[in-house]
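Spelled out, the chains give:
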Amino acid sequence: MRRTLHEKSRLVMVFLSCLLIAPAIAPVSVSQLTSESIAPTLLPEDGQFLYSPMWTTTTYLRHSDGSLNHSWTSSFFPGAAVWWLGDGTILRTIRVGAGPGSGGAGGGVQKVEWDGTLTWDFRYNTNGVLSHHDGKSLPNGNVLLIAWETKTRSEAIAAGRNPNYVTNYGFWPDHVIEVQPTGPTSGDIVWEWHAWDHLIQDYDPSKPNYGVVGDHPELVDLNYVTSSQADWLHTNSIDYNEEFDQILLSAHNFNEVWVIDHSTTTLQAAGHTGGNSGKGGDLLYRWGNPQAYDRGTSSNKKLFGQHDATWIDPGLPGEGNILVFNNGVGRGYSTVDEFIPPVDENGMYYLAAGAAYGPETQTWIYSPQPTFYASHLSGAQRLPTGNTMITNGETGKIFEVTPAGTTVWQYNTGGQVFKTVYIPPEEEPPEPNTPNLECFGSLSWTNVEPGATVIGSFQVQNIGAVNSTLNWTIDTYTITWGTWTFTPESGINLRPADGPLTVQVSVIAPEEENTEFEGFIRVSNQEDASDYEDIPVYLKTPLDSEVIHFPILHQLLLKLRQWRVFITSDENHL
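Residues numbered from 1 in each chain as written. Predicted model: local features only at pLDDT ≥ 70, side-chain atom pairs only at ≥ 80, totals over all residues. Heavy atoms only, no water.

### With respect to the overall build of the protein chain
Definition in use: What counts as a helix is a DSSP run of H or I of at least four residues, what counts as a strand is a run of E of at least two, and both are numbered from the N terminus. Partly exposed describes any residue whose relative accessible area lies between the buried limit of under 20% and the exposed limit of over 50%, with all areas from a 1.4 Å probe on protein chains only and scaled to the type maximum. Here a residue-residue contact requires only that any non-hydrogen atoms of the pair lie within 4.5 Å. Residue-level accessible areas treat just the shown protein chains as cover; the underlying method is Shrake-Rupley with a 1.4 Å probe.
Secondary structure assignment for the protein chain yields four helices and 35 strands. A buried classification covers 52% of the 574 residues belonging to the protein chain. Here the contacts in the protein chain between residues at least 6 apart in sequence split such that 59% fall between residues at least 24 apart. For the protein chain, the accessible area works out to roughly 25,200 Å², and carbon and sulfur atoms hold 52% of it.

Take a look at the structure:
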């Protein structure tokens, strides 16, 4: 930002400048819609959307017209989700390339501020574990992560897995961890849940978990998936319900969504009692494929390789319902499904004896079959208007539909996307966290004996964003007279909270008698050449008594000339 030094004279100079200059009014440029857009805004309240293309290292934040607002670069591909935390900060999963894993492999999570500052870089990819797909920030600032853990072939068979369904590569059941950040790269696991603790199987009667699968819908059938792939569940999304303190998981290979109790301790989560539900870590609710617990047939199947199961947020149309992108694997077309879970005000789910969990039918389905299909990736999010933002992850197409299924807006990212996050206007990013240089004081001396030393001072302050830091320096390139000393002559990391910093100035006057000397000192932001202050300086050695001089008028005219330069320059930036 360009300014002159003395605040009190600014109004006077602006007034005088207006008499001398008539600044032109530049036309305002209006951003045009992208070629992929159908309507001018994402929704009447506007808003933005956030996404990380699967095979790039950049995360993008775009306005509703598709224009780029901001981007964050990384050294890693996403692994695979990115979330908006508010105040310009994102939570980004990363693909570190180490540990077990298949599609959706990650291994770490990062918190990144608006200016790219990495405030947390946590890795979970050692000792046979690997975080993958998704994460969720909790109200307490902790983070939930989905992860694989490694079981050997022998361990899987010992637990009752049919040997025909496990190879020498081992077995990777999923678990969930809650991480409390403790430092820039560290975190404590303060809670965890393991699917491995909640198994049932009807293959090997010699094992303790042998039983009738249909009698235990709260447990996971170890042999339901008959593929020999190590990635048994392929859990690909996680969400959190603060009201009930529950977690929602998308178990892709089971074609189900599961709800578990987060109010348990880790010990209780490993068992079958405790927590608000009284059921420990057992499944509280499951929906999408009753065959997985022997309470239905293929005709009862609702989900087909789904992604992005979420509770619709409070205050939005359909709040508390579950929304899921139903990929349609094996069915040949995709849908977005909304259904109402049979839950009471205490977070307890109804299940009739011997029956499957309801509901029998969805409350809303977006189904433009057979033209709409994504075999993997993808997601959906309910908007404040009642419309739904949908991401076809395979094509990278993001679009919004009304409850009637009419498309009102679309944007093509140009690459595969795990899912997209909508950001309402009230949560939009702050102004960039940048410094703003300001100076105070004056440097003017009269009746100075030639060769004498005079002393003065001025102040430098950062009046920019709260967390910004200013690196500044002094330049005297317009002054060719006197010998100047500044203490200090530059500074680094000046914060707004530091207040004004005083710079002491010492000048040895020139030897010429009866002479006026003038110029200006430039104090500059080293990171931004357009952010500076020009401080006028004036020094006068004694004049003949016959000379009439008006030093105050001289300084005012000098400031006016500088102010005119600033106004003329600023016209070019309208």
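### A look at the sheet that holds strand 4 (residues 68-73)
The criterion, for reference: When DSSP locates at least two bridges between a pair of strands, those strands are taken to pair. Helix axes use the C-alpha atoms of the stretch in contact, all axes being lines fitted to C-alpha atoms, and the angles between their N-to-C directions lie in the range 0 to 180 degrees.
The sheet built from four strands is open, its strands ordered 4-3-2-27 with antiparallel pairing. In this open sheet, the two edge strands, each paired with only one partner strand, are strand 4 and strand 27 (421-423). The mean angle between the axes of side-by-side strands here comes to 20 degrees, regardless of whether they run parallel or antiparallel. In this sheet, strand 3 (residues 58-63) lies alongside strand 2 (residues 48-51) in antiparallel orientation, the contact comprising four bridges. Paired with Gln48 across the two strands is His63, which belongs to strand 3.

### As for the sheet that holds strand 17 (residues 256-261)
Taken in spatial order, the four strands make up an open sheet running 15-16-17-18, and their pairing is antiparallel. Each having just a single partner strand, strand 15 (235-241) and strand 18 (285-287) make up the two edges of the open sheet. Across the sheet, the mean angle from the axis of one strand to that of its neighbour is 15 degrees, orientation sign disregarded. In this structure, strand 15 lies alongside strand 16 (residues 246-251), joined through five bridges in antiparallel fashion. The residue bridging Thr235 from the neighbouring strand is Ala251, located in strand 16.

### Things to note about the side chain of Asp134
Stated formally: Pairs of N or O atoms within 3.5 Å make up the polar contacts considered here, provided that, within protein, one atom can donate a hydrogen while the other can accept it, and that residues adjacent in sequence are counted only when both atoms are side-chain atoms.
Structurally, the position occupied by Asp134 is in strand 9 (residues 129-137). Residue classification places Asp134 among the buried positions, given a relative accessible area of 1%. A polar contact of 2.9 Å, which involves the side chain of Asp134, links it to the side chain of Trp83. Ignoring any residue separated from it by four or fewer positions in sequence, one finds Asp134 in contact with Ala81, Trp83, Thr93, Leu144, Leu145, Ile146, Asn236, Ser237, Ile238 and Lys419.

### A look at the packing of aromatic side chains
Rules: Ring pairs are drawn from Phe, Tyr and Trp, using the six-membered ring of Trp, whenever the two centres fall within 6.5 Å, and their geometry is named by plane angle: stacked under 30 degrees, edge-to-face over 60, tilted for the rest.
Tallied over the full model, the rule gives 26 aromatic pairs. Taking the centre distance of 5.9 Å and the plane angle of 55 degrees together, the rings of Tyr366 and Phe399 count as tilted. Of this pair, Tyr366 sits in strand 22 (residues 364-366) while Phe399 sits in strand 25 (residues 397-401), placing them 33 residues apart in sequence. Take Phe399: its relative accessible area is 3%, and that puts it in the buried class.

### Let's talk about the nonpolar core
Formally: Here the nonpolar core consists of buried residues drawn from Ala, Val, Leu, Ile, Met, Phe, Trp, Tyr and Cys, with membership extended through side-chain atoms lying within 4.5 Å.
Counting 29 residues, the largest nonpolar core has Val176, Trp193, Trp232, Ile247, Phe254 and Trp258 as its most contacted members. Looking at this core, the elements with two or more residues in it are strand 10 (143-149), strand 12 (186-194), strand 15, strand 16 and strand 17. Here this core takes three residues from strand 16, the largest share from any one element. Among residues more than four places away in sequence, those in contact with Val176 are Leu144, Leu145, Trp191, Glu192, Trp193, Ile238, Ile247 and Leu249.

### A look at the confidence of the model for the protein chain
For the record, the criterion: Values of pLDDT, ranging from 0 to 100, describe the predictor's confidence in every residue of the model.
Taken as a whole, the protein chain shows an average pLDDT of 86; of its residues, 85% reach a score of 70 or greater. Note that residues 1-42 has pLDDT below 50 and, in this model, 97 contacts with residues that lie over four places away or in other chains.

### Digging into the side chain of Asn462
Among the structural elements, Asn462 can be located in strand 29 (residues 453-462). A distance of 2.9 Å separates a polar side-chain atom of Asn462 from the backbone nitrogen of Gly464.

### Quick notes on the environment of Gly320
Within the secondary structure, Gly320 is located in the loop between strand 19 (307-311) and strand 20 (322-326). Along the backbone, Gly320 and Phe339 are 19 residues apart, and their C-alpha atoms lie at a distance of 9.5 Å. The residues touching Gly320, leaving out its near neighbours within four places in the chain, are Trp311, Ile312 and Pro341.

### Let's talk about the pattern of salt bridges
In plain terms, the rule: Any carboxyl oxygen of Asp or Glu that lies within 4 Å of a side-chain nitrogen of Lys or Arg is treated as forming a salt bridge with it.
The final tally for this structure, using the stated rule, is 10 salt bridges. Across the pair Asp204 and Lys207 runs a salt bridge, and its minimum N-O distance is 2.4 Å. Residues Asp204 and Lys207 agree in their burial class; the two are buried. Connected via shared salt-bridge partners are Asp134, Asp308 and Lys419.

### Topic: the pairing of strand 20
Counting buried residues along strand 20, five of its five residues qualify, which places the element largely inside the surrounding structure. Residues Ile322, Val324 and Asn326 of strand 20 are buried on one face, and the alternating residues Leu323 and Phe325, pointing to the opposite face, are buried as well. Here three bridges tie strand 19 to strand 20, and the two strands are oriented antiparallel to one another. Considered in strand 20, the bridge of Trp311 is made with Ile322.

### A few points about the pairing of strand 30 (residues 470-475)
Pairing of strand 30 with strand 32 (residues 490-494) involves three bridges; the strand directions are antiparallel. The partner of Trp472 across the bridge, within strand 32, is Gly491. In terms of strand pairing, strand 30 meets strand 34 (residues 516-525) through four bridges, oriented antiparallel. Bridge pairing in strand 34 places Ile474 opposite Val523.

### Looking at unusual backbone geometry
Outside of glycine, negative phi angles account for most residues, and trans bonds account for most peptide bonds. For the bond running from Gly79 to Ala80, omega is 10 degrees, close enough to zero to count as cis. In this structure, Ala80 sits in strand 5 (residues 77-86). The peptide bond linking Gly358 to Pro359 adopts the cis configuration, its omega dihedral lying at 15 degrees. Inspection of the secondary structure assignment puts Pro359 in the loop between strand 21 (335-339) and strand 22. Residue Ser378 is not a glycine yet carries a positive backbone phi of 90 degrees. Counting through the fold element by element, Ser378 comes out in the loop between strand 22 and strand 23 (379-382). Residue Ser378 is classed as buried on the basis of its relative accessible area, which comes to 1%. Even without glycine at this site, Asn493 takes up a positive phi of about 55 degrees. Considering the arrangement of structural elements, one finds Asn493 in strand 32. Using a relative accessible area of 45% as the deciding quantity, one classes Asn493 as partly exposed.

### Focus on the environment of Gly441
As for its placement among the helices and strands, Gly441 is situated in strand 28 (residues 437-445). Look at Gly441 and you get partly exposed, because its relative accessible area is 32%. Linking Gly441 and Phe458, residues 17 residues apart in sequence, is a C-alpha distance of 4.4 Å.

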